[in-house]
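Next come the chains, spelled out residue by residue.
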Amino acid sequence: MVSNGVLEFVREDDYIEYFLFPRLVAEESRRNEELNEILVQVEGITETFCKNYIWHRDAFRVRARPGNAHLLEGQTPGEKSMTRENKEHLPAHLYGITHYGDNIEDEWFIVALLYELTKQIPGLIVRTVDGDGEFLLIEVANYLPEWANPETCHQCVYIANGALHLLQNPHEDTPLPVHEALQEIRDNPAAHRVGNEIENCISRRAGGYPGKIHDNLHCATAFVPVGVAALLKHKPALIASAIREFCSRDAVDMKVCRAMRFFPPENRVNTRITFTKCLYAMLVHSNYNPDRRTGWNLPSTSSKNYLAQSLGMKIACGFEILASQAKPNEDWTTNRHWLKYLDTLKGKGYFQDFLEGSKDYMRLLEAAKDYYRINLSEIRENSLTGQQLLDDLKSIDCNIEEFRKLEATLPPSDDDSWLAVSPEDLDKMLHERYGGDNGEEPVNGDSEMTEKLAEFLAQKSPFDGVEVPTSENPPVRPQRGVKKVKGKVHFAAEETDSPAGNNVDFDPDAFQSHVKNLLDLVIPEDKWDSNSDMSDYGEDTEIAKNIDEMHLIKTNTNLGIYMNQMDKELAKTTIGESFEKKPKAPSATEDTFDDIEDFQPVDIDLNTLKNMMESYQAQLGGPGPASNLFGSMGVRLRPPGGDPDNKAED
């Protein structure tokens, strides 16, 4: 029997799906009619709200689904995610799914639209999730109540009356049923509204629309074939499909770009094109050297016309790739989306080890084709196909003289300096997005850095990370299965074969003290010690004996043996000379002991800071252990302040 579960499980992660539950008051016989009336109302509000918005991939679109719609044949993959776990029958609602590709802003624009729909349609309640699940809760994780976690909040997050609602699930082992959540919100509309901190956090990502649409657009002049200029004048949103195809080109597409059958470079005109900032950045940073034999004659990179011609060449190639995909008949052997989907099915074990070409294999293959044809192609219904593009090209006016007359009136391109982000701007954006330093000044000086490190090492470190409590942020609450009681952490026993009552009592303070004693390698101060270089360790057997005795007392016989062996090995090297030493303090009295006069203790703070900074510089601004450690310590390094002589060491 064909496994529909495997077919619907295979999908991309760049999606947001939404369930719109209206309040239906008509009798049962008119429910579908009433649902369709609300659908028309939603479409009207959406058209007004999304005016001038350029979708990166799929547009917002909903369709009516009657009640008891659980696992109906013909559902799209995303429709089943909401009911897959608890097999719940959903009330009548409107459903939609949007794939947003590389532009995450589309997801938050849809959130803003959903808020607007609940404001304008009385009684409408919305639930929305994405590939990560309850992404709205992920966004506001720092402000959630103590009881909220992924296990307790599944199907508990809704948008109603232009506000976010979070319900507490009274059921311990099962998700909160949707119909119960809807009824609870309608009966107590103000009881479950989240606080201002959570709403402000959502507003920072989704607020300001639709007025903020213009802020995410970028206009620029491009030197394109006249056919491309005509198509973009007719349908400006086609720019998204063309750029996506160009930036995801493969070897087959490269051959198409060398031919340029549909959009040759001979007849080109300057035209003004509107991009989203995401699309513009993708296009600018996609490197491509065209074949000169095709007819592309780009000027040098220093020319003022280079950018317009480079943009036009890339856009034309994108349209050429789209046109080349026009297939009057379905060709499964060249459909890249289908081939990718087929590879994923094979990886999931869909074909059950049947031999390729066998009767059972072909039966499963035909079922997969039917599912793909009905469902997955429907998801991208709004995307431009090559055949549609060619049909439009035949029906629109491509008068090159008209476009050349307009060239003289084109406004200059928008400033694209926003593409270059300085380290200071990046730090500011990260702080605005994630916070982290509570407005403190960057760390300056060796002593302050080492103090921060000492404070960090003194913190408690449970299994889920170091706890660093602050005045503004409460301590990290224990995870599921962990209870804290006055300095002790009790890990609740899971269902195992061990006898009941074998809970682990863990005293973090005692444990920290034991570990510190165990790993304390500091040599006790001795007023008549000789030179501290490790190369001299083997010269004084009495000191080595004392050190061995110290280790034996602190730990056990085996550790003392290991430490003694390590000292002997280090005595053969000059590693001690590599450490930074503290400067000798001037002595008021003369001392007759030469070995004391030569003694320079190791500067622990300076060596620690030096090693950490060398590791930080070696990361070249990327992620790594040093930056992670600095972040955990709450340390933000001050970038070089513009002094040409203040350069980081290579």
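Please read all numbers here as calculations on a predicted model, not as lab measurements.

Draft legend 1. Here's a closer look at unusual backbone geometry. The amide bond that connects tyrosine 209 to the next residue, proline 210, takes the cis arrangement and shows omega of 5 degrees. Mapping proline 210 onto the fold places it in the loop between α6 (196-206) and β7 (217-225). At asparagine 161, a position not held by glycine, the phi torsion is positive, near 55 degrees. Along the polypeptide, asparagine 161 turns up in the loop between β5 (157-160) and β6 (163-166).

Draft legend 2. Structural detail: the packing of aromatic side chains. Scanning all chains against the criterion turns up 15 aromatic pairs. Seen from their ring centres, tyrosine 53 and tryptophan 55 are 4.8 Å apart, and the 65 degrees between their planes marks the pair as edge-to-face. Accessibility expressed as a relative area gives 11% for tyrosine 53, which makes it buried. Classification of tryptophan 55 as buried rests on a relative accessible area of 13%. Between phenylalanine 351 and tyrosine 361, the aromatic rings sit 4.3 Å apart at their centres with planes inclined by 20 degrees, giving stacked as the arrangement. Here the residue phenylalanine 351 occupies a position in the loop between α12 (336-347) and α13 (359-379), and tyrosine 361 occupies one in helix α13, the gap between them amounting to 10 residues. Like phenylalanine 351, the residue tyrosine 361 is buried in the burial classification.

Draft legend 3. View of the sheet that holds strand β4 (residues 125-130). Strand order across the open sheet formed by 6 strands is β2-β3-β1-β4-β5-β6, with antiparallel pairing between neighbours. Only two strands of the sheet have a single partner each, and these edge strands are β2 (63-65) and β6. Ignoring strand direction, the axes of neighbouring strands in this sheet form an average angle of 30 degrees. Bridge count between β2 and strand β3 (residues 93-99): 3 bridges; the pairing is antiparallel. Looking at the pairing, arginine 65 lines up with histidine 93 of β3. With respect to the sheet, helix α3 (residues 105-120) is in contact with β1 (15-21), β3, β4, β5 and β6, its orientation differing from that of β1 by roughly 5 degrees.

Draft legend 4. Representation of the pattern of salt bridges in the model. The tally for this structure, following the rule as stated, stands at 9 salt bridges. The partner of arginine 57 in a salt bridge is aspartate 14, and the shortest N-O contact between them spans 2.9 Å. Of this pair, arginine 57 sits in the loop between α2 (31-49) and β2 while aspartate 14 sits in the loop between α1 (4-9) and β1, and the two are 43 residues apart along the sequence. Since its relative accessible area comes to 13%, arginine 57 is described here as buried. With a relative accessible area of 14%, aspartate 14 lands in the buried category. For the salt bridge of glutamate 139 with arginine 205, the shortest nitrogen-to-oxygen distance reads 3.5 Å. With glutamate 139 in helix α4 (residues 135-139) and arginine 205 in helix α6, the pair connects residues that are 66 residues apart, well separated along the chain. Taken as a pair, glutamate 139 and arginine 205 share a single burial class, namely buried. Three or more residues are tied together by salt bridges with common partners; here these are Arg30, Glu33 and Glu37.

Draft legend 5. Fine view of the nonpolar core. Counting residues in hydrophobic clusters, the biggest one holds 110 residues, and the most contacted among them are Leu20, Phe60, Leu117, Phe275 and Phe319. Excluding residues within four positions of it along the chain, phenylalanine 319 makes contact with Val228, Leu231, Leu232, Leu238, Ala242, Phe263 and Leu389. Counting residues in each nonpolar core, the second largest holds 13 residues, with Tyr341, Leu342, Tyr361 and Tyr372 among its members.

Draft legend 6. Quick peek at helix α10 (residues 277-284). Taken residue by residue, α10 has Leu279, Tyr280, Ala281, Met282 and Leu283 as its buried positions. Of the surrounding secondary structure, the elements contacted by the buried residues of α10 are β7, α8 (238-247), β8 (268-276) and α11 (306-324).

Draft legend 7. Fine view of the side chain of aspartate 106. Secondary-structure assignment places aspartate 106 in helix α3. Nearest to the buried, unbridged aspartate 106 among oppositely charged side chains is arginine 244, at 8.0 Å. Within polar-contact distance, the side chain of aspartate 106 engages the side chain of tyrosine 53 at 2.6 Å. Contacts of aspartate 106, omitting those with residues within four sequence positions, involve Tyr53, Ile54, Trp55, His56, Arg57 and Tyr100.

Draft legend 8. Seen up close, the environment of alanine 326. Along the polypeptide, alanine 326 turns up in the loop between α11 and α12. Every residue in contact with alanine 326, bar those within four places of it in the chain, is listed here: Gly386, Gln387 and Leu390.

Draft legend 9. Local environment of the pairing of β5. Because side chains alternate across β5, one face comprises the buried residues Val157 and Ile159, and the other comprises Tyr158 and Ala160, equally buried. Of the strand pairs in this sheet, β5 and β6 are connected by 4 bridges, and their pairing is antiparallel. Bridged to alanine 160 within β6 is alanine 163. The turn linking β5 back onto β6 is made up of 2 residues, and asparagine 161 within it adopts a positive phi angle of 55 degrees.

Draft legend 10. Inspection of the confidence of the model for the chain at higher detail. Across the chain, pLDDT averages 77, with 68% of residues at or above 70. The secondary structure element of the chain with the lowest average pLDDT is strand β10 (residues 488-491), at 39, and the one with the highest is α3, at 98. A low-confidence stretch, residues 378-384 stays under pLDDT 50, and its non-local contacts, those more than four residues away or across chains, total 22 contacts. Contacts of residues 521-538 to residues separated by more than four positions or lying in other chains number 36 contacts, the stretch itself having pLDDT below 50.

Draft legend 11. How the structure looks around the packing of α10 against α11. Put simply, α10 and α11 touch, their axes get as near as 10 Å, and they point 95 degrees apart. It follows from the interaxial angle that α10 and α11 lie roughly perpendicular. Facing α10, whose interface residues are Tyr280, Leu283 and Val284, α11 presents Leu307, Leu311, Lys314 and Ile315. A class-by-class count of the residues in the contact of α10 with α11 yields 6 nonpolar, no polar and 1 charged.

Cut-off values and rules
- Residues numbered from 1 in each chain as written.
- Predicted model: local features only at pLDDT ≥ 70, side-chain atom pairs only at ≥ 80, totals over all residues.
- Heavy atoms only, no water.
- Helix = DSSP H or I, 4+ residues; strand = E, 2+ residues; numbered from the N terminus.
- Phe/Tyr/Trp six-rings, centres within 6.5 Å; stacked < 30°, edge-to-face > 60°.
- Buried < 20%, exposed > 50% of the residue type's maximum accessible area, 1.4 Å probe, protein only.
- Pairing = 2+ DSSP bridges.
- Axes fitted to C-alpha atoms, helices over the stretch in contact; angles between N-to-C directions.
- Contact = heavy atoms within 4.5 Å.
- Salt bridge = Lys/Arg side-chain N within 4 Å of Asp/Glu carboxyl O.
- Core = buried A, V, L, I, M, F, W, Y, C linked by side-chain atoms within 4.5 Å.
- Lys, Arg positive; Asp, Glu negative; His and termini not counted.
- Polar contact = N/O pair within 3.5 Å; in protein donor to acceptor, adjacent residues only side chain to side chain.
- pLDDT = per-residue confidence, 0-100.
- Parallel < 35°, antiparallel > 145°, perpendicular 65-115°, else oblique.
- Nonpolar A, V, L, I, M, F, W, Y, C, P; charged D, E, K, R; others polar.

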